[in-house]
Amino acid sequence: MAHTNQQRKRIRQTEKANVKHTATRSRVATLVKKFEGALAAAKPEQIASAFKVAMGELAKAAQKGAITKGAASRKTSRLAAKAKKVAAKA
């Protein structure tokens, strides 16, 4: 239990940030799933569009602190590799 005002404030701030970050991470996961759905459909224009949106959202999440910069970079790289692999088959 928090005993000082500073501790109480820190708890409030953490809870508020957690709500924001949870929503951001959820949005990122949804867009990544949409990208993977576009990969399954194998339509190049959908893949490119979904990749661009997912990449932007990953960068924004990293900038806001919802995920780390390295995690965003790693996920973006993996999505790009998947897109490249599908494009090579087509």
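Scroll up to find the structure.
Every value quoted in this text rests on a predicted model; they were computed, and no experiment measured them.

A. Summary view of the side chain of Thr76. Of note, Thr76 is situated in helix 3 (residues 69-89). Judged by its relative accessible area of 17%, Thr76 falls in the buried class. Of note is the side chain of Thr76, whose polar atom sits 2.8 Å from the backbone oxygen of Ala72. The contacts of Thr76, once residues within four sequence positions are left out, are Phe51, Met55 and Leu58.

B. Local environment of the environment of Lys75. By the element assignment, Lys75 lies in helix 3. The class of Lys75 is partly exposed, set by a relative accessible area of 39%. Taking the C-alpha atoms as reference points, Lys75 and Met55, separated by 20 residues in sequence, lie 8.6 Å from one another.

C. Structural view of helix 1 (residues 5-41). Between its first and last C-alpha, helix 1 extends 54 Å over 37 residues, near the 54 Å set by a 1.5 Å rise per residue. By the burial criterion, the buried members of helix 1 are Thr24, Val28, Leu31, Val32, Phe35, Ala38 and Leu39. On its buried face, helix 1 is in contact with helix 2 (44-64) and helix 3. One or two positions beyond helix 1, positive phi appears at Ala42, with a value near 60°.

About the thresholds
- Residues numbered from 1 in each chain as written.
- Predicted model: local features only at pLDDT ≥ 70, side-chain atom pairs only at ≥ 80, totals over all residues.
- Heavy atoms only, no water.
- Helix = DSSP H or I, 4+ residues; strand = E, 2+ residues; numbered from the N terminus.
- Buried < 20%, exposed > 50% of the residue type's maximum accessible area, 1.4 Å probe, protein only.
- Polar contact = N/O pair within 3.5 Å; in protein donor to acceptor, adjacent residues only side chain to side chain.
- Contact = heavy atoms within 4.5 Å.
- Expected span 1.5 Å × (residues − 1).

Purely geometric stuff here, so don't read any function into it on its own.
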